[in-house]
Each structure stands twice: as structure tokens, then as C-alpha cells.
Amino acid sequence: MSDQTNNAPLRVGLLGLGTVGQGVLSILARNGASIAERAGRPITVTMAAVRDTAKSRGDLPEGLDITTDPMAVVNSDSVDVVVELMGGIETPEQFVRAALQAGKPVVTANKALLALRGEALFDLARQHNAPLAFEAAVAGGIPLIKALREGLAANVVSSIAGIINGTCNYILTQMDEAGTPFADVLAEAQRLGYAEADPSFDIDGIDAAHKLTLLASIAFGIPLSFDKVHCEGVGLVSVDDIRYAAELGYRIKHLGIARLNNGGVELRVHPTLLPKSELLANVNGVLNATVFGADAASPTGYFGPGAGGEATASAVLADVVDIARGASMPGLGGPAASDLAVLPIEDAVSGHYLRLRVADVPGVLTAISGILAQAQISIEAINQKEIANPGSDTNVVILTAPVQERTMRAAVEQMMALDSVRPGITRIRVEHTQ
Ligand code: NAP
Ligand code: HSE
């Protein structure tokens, strides 16, 4: 690594020159001088690896060495810091490992890599005393990792609730405001560079689960537990649900939730009804926001662009600046390892929105409410929607008080067994996050 005690440039090698990689170049081209002042030394990108060197990439810095061999970037004597922005898991893992083994600091925006392979990679970083920084991996341009492990370092954190996938929030917002069909909005999110290379990671909630895995580990000191996150995507939400929720005073957002509950931790990602008055209910488009509950400063909220080239590159460069300053990077940086267990979803507690398609027959509402009463589930609202034609099916919408998931599942099974209830009950959890 070049000498950090003088003002020699810190030389960055990029693995990937796509949406985020080009964002890094454009911010450095515009703000390089002020970044150098803050970092105490200039930051220059000397090498970049791509798949296709013939692709058009706008203005590139003079002298930038472009290669199709990422290992050449990792091993280059003209690269002090490796910035991984290629995506994927196995492929980038080998380059991140090689860089750390060579003692080179690594910055990555790759939440999938860290959520699945982070334990081994952070160990390797510690062994080789090489920082592995990942501010951009959670909530794009929002400095959420710093807020959690530095700003809230004096707190015992009890809950995390966040809109942490920009693509899902963009989709739900467009469905709400313009009634645009799901597939059209997804195509637009892809065009704008928000979606993952495989957009099912966004819409199925996997990307949010990767990010929640990292946040929960920092907040609660638990191991990275991606395989224990209960994960539901936005696909189950219809324009009708958004409208019915609004009539009841709620908006539907796709949330990641990690919460202490009775000596364990709930870890879940799913569409959620939130009261319209809450901060998270009013965060729209590609914006992300997260609210932390804690024992000293609480609640605290963080809001900003969750995806996009320059927004994400802003967080990447914040890590590079830290490295240029010689800051010590504490790995995940959570509290000491805790023995908190991740709870099964059946133990989670939340309110529920239910939408049932029912036959227009006398007694159907009584039968449904009877099942809920017997299960001791309190009904906060129940509405039967207008019937288009006499004798045709209609929608019934129910809002319940908080109840344990297993109790609600059993009640829904009983409802599905009723002759008057059509197959396919929609169930969306209801939360209060402030
Ligand atoms: P992207 O636009 O698809 O860019 C990926 C880049 O990596 C491309 O330049 C590609 O080369 C290069 N690449 C991929 N595989 C390669 C290989 N085997 N060898 C050499 N080069 C390779 O992706 P992105 O949106 O910038 O995302 C990059 C990372 O940031 C991902 O981990 C993503 O999850 C994360 N992230 C993205 C955002 C966002 O808003 N986009 C936000 C936060 C985090 P070609 O250009 O030649 O194809
Ligand atoms: N695909 C991700 C999102 C990118 O939409 O939030 C930012 O991590």
C-alpha cells in the first residue's frame, strides 16, 4: 500500500464499472478536490475491471487502465484499495479474499456477498488487518451503518424497521399514486438502475433480507443469519389492497423488521400496513428510510436515496475516505457476540390486514368474526365491500389487533375451510414503528 503518512494519492481499483462504478468516477470528477481535502490526500481510480471493454461508458479519467481480469486489479502495484462493485457471490468472493489476503483494504456495496459469506470474510479481514468496509451495502446513499455503529454506539438497540429496498418502494409508490401495473413499474426501476441484476432479489424480498441480516448483526451482536430471515416479497400486494388500506388510514410499505421479543430476535421482511401518520408511511419512490428504537436516543430516523449510481457511490467513497484517513474499521462493529436466538416467524407479534373473497350468502361475516373471537383475536375494523351484482362474490377486509403469528395462521386456516370463503386469503401484517 502506498505511504499513508504523506499526501500521495490513494489509488483505487474498481471491480465493476456499471451503475455504481460509473457513479464513483463521476463524483470524483466533480468533487475530487474537496474529497481530497477531507481525506487528507487525493483519491484516484487507476484501474477498473469490466466484462466487456467495448461497452460505451461516457467520459473516463485519462490513464484509467481497463481490463477484463479482476485479479489483475487486485494484484496490481498501482492499486492500494480494491472497490468491489460487480455483484454476485462466488465470483467477487475470490477477488475480495485475494485482496484481503494481500492486506489490501476492500470496499464493497455487495450485501448478498456479505450476508452469505460475511463471517469468513470479516475473519479474513481481521487476520490480515485489512479493512472490509460496506456502507453502500445497506440503504444506498444513507450513512446507516455509521449511524448504527457510531452514532448509536451508546445505546442498546431494541428494534429496526426500515424501507431498505428502493425498487420495492418505487413499485409500491407507483402502484399507489398512478395505479401503474407491477410489471411496467419494475421495467422502469430496471431502466433507472435501481434493480439488482436479477430483479427477483428485489421483488421477492431477498435483497432486503440481505440488508436486514447485516443491520441485525450490527445492532444485536448476533451472527449473520440470512437463512433465518422470514422473507415475503411485494408480489402479494394488489392495487385493491393499497386502496382498501388507504380507506382504513394506512399505507403499504415493504419493510425489513428486526426486533427484540421476549429474549429473542424477530427477523422478517414483508409488505406492511403502516398508519399514514408515521414517518415510514410517507417515504416514497426509490427513497429508503429506517427507524431505530433504542434505550437512550429513540426513535431515530434516517432517510435518503436507497439506490442509484451516484447515491450509492457517495457511500462507497465515504468508506474510501475513511481508509485514506487511516481510520480503524471494526468489521461488523456490533456489540459483543450475543446468544440471542432468532425467533421462528410463528413467535412474531403483529396486527393483520386480511382480505377474503367471499360468497354473497347470509351469515358469512358472522362465521368469520366467530373464528376470530374464538381465537381471542380482537377485530379493529371489518368492512364488506359493495357487491357488483346480486349473488356475485365480494371482498371482506378485516384489520386485527396485534396477535402472535401462529394464532393468526390457525384462524386463517379455519376461515379457508368455510364453504363461503374462496381460496386465497391475502394476509398483510400491520405495524407501528414509532
Ligand atoms: P451493474 O450495473 O450490473 O455493474 C456491474 C459491473 O461489474 C459491470 O461494469 C460489469 O461489467 C462488471 N462485471 C460483472 N461481472 C464481472 C466479471 N466477472 N469480470 C469483470 N467485470 C465484471 O451493477 P451495479 O448496479 O453497479 O451494482 C454493483 C454492486 O453494487 C452490486 O453488488 C449491487 O448489489 C450493489 N448495489 C447497487 C446499487 C444500485 O443502486 N445499483 C445500490 C447499492 C448496492 P460490464 O459493464 O462489462 O458488464
Ligand atoms: N436493488 C437495490 C434496491 C439496490 O432497489 O434497493 C440498492 O441496494
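In this text, all values refer to a predicted model and were calculated from it rather than measured experimentally.

1. Structural notes on the domain arrangement of the protein
- Splitting the protein by domain gives domain 1 (10-141), domain 2 (150-303) and domain 3 (348-430).
- Put simply, the middle of domain 2 and the middle of domain 3, counted by C-alpha atoms, are 25 Å apart.
- Contact with domain 2, which involves 21 residues of that partner, is made by 17 residues of domain 3.
- Buried surface at the junction of domain 2 and domain 3, summed over both partners, amounts to about 1,500 Å²; 59% is from carbon and sulfur atoms.
- Taken as a group, Tyr244, Leu248 and Leu273 account for 38% of the area that domain 2 buries against domain 3, more than any other trio of residues on that side.
- Taken together, the links from domain 2 to domain 3 amount to three salt bridges.
- Where aspartate 241 meets arginine 355, a salt bridge forms, and the shortest distance between an N and an O atom there is 2.5 Å.

2. As for the site of ligand 2
- Surveying the vicinity of ligand 2 reveals the residues Lys111, Asn165, Gly166, Thr167, Tyr194, Ala195, Glu196, Asp202, Asp207, Lys211, Gly306 and Ala307.
- Glycine 166 is positioned with one of its backbone polar atoms (N or O) 2.7 Å from an oxygen atom of ligand 2.
- Contact between ligand 2 and lysine 211: an oxygen atom at 2.8 Å from a side-chain N or O atom of the residue.
- Protein chains bury 94% of the 260 Å² of accessible surface belonging to ligand 2 in isolation.
- Structurally, ligand 2 is housed in the largest pocket.
- Among the secondary structure elements, those contributing two or more residues to the shell around ligand 2 are α6 (166-178) and α9 (206-220).
- Of the residues that constitute the shell around ligand 2, the class distribution is three nonpolar, four polar and five charged.

3. Details of the layout of surface pockets
- Of the voids in this model, the largest pocket is the one considered here, and its volume is about 1,200 Å³.
- Considering the residues around the largest pocket, the lining is formed by 49 residues, among which Thr19, Leu85, Met86, Gly87 and Ala197 are closest to the centre.
- Secondary structure elements with two or more residues in the lining of the largest pocket: α1 (19-39), α4 (111-127), α6, α8 (200-203) and α9.
- The biggest single contributor to the lining of the largest pocket is α1, with four residues.
- Looking at the lining of the largest pocket residue by residue, the classes come out as 19 nonpolar, 20 polar and ten charged.
- Approximately 260 Å³ is the volume found for the second largest pocket.
- Leu25, Ser26, Leu28, Ala29 and Pro61 are, among the 17 residues lining the second largest pocket, the residues nearest its centre.
- For the lining of the second largest pocket, the per-class residue count stands at nine nonpolar, six polar and two charged.

The rules behind each value
- Residues numbered from 1 in each chain as written.
- Chains lettered and ligands numbered in written order.
- Predicted model: local features only at pLDDT ≥ 70, side-chain atom pairs only at ≥ 80, totals over all residues.
- Heavy atoms only, no water.
- Domains from an automatic or database assignment.
- Contact = heavy atoms within 4.5 Å.
- Buried area = accessible area lost by both parts, 1.4 Å probe.
- Salt bridge = Lys/Arg side-chain N within 4 Å of Asp/Glu carboxyl O.
- Near = heavy atom within 4 Å.
- Polar contact = N/O pair within 3.5 Å; in protein donor to acceptor, adjacent residues only side chain to side chain.
- Areas by Shrake-Rupley, 256 points an atom, 1.4 Å probe, with all protein chains shown as cover.
- 1 Å grid on protein atoms, 1.4 Å probe; cavity = no way out; pocket = protein on both sides within 12 Å on 5 of 7 lines; lining within 4 Å.
- Sits in = over half its atoms within 2 Å of the grid points.
- Helix = DSSP H or I, 4+ residues; strand = E, 2+ residues; numbered from the N terminus.
- Nonpolar A, V, L, I, M, F, W, Y, C, P; charged D, E, K, R; others polar.
- Points joined across faces, edges and corners; volume = space filled by probe spheres on them.

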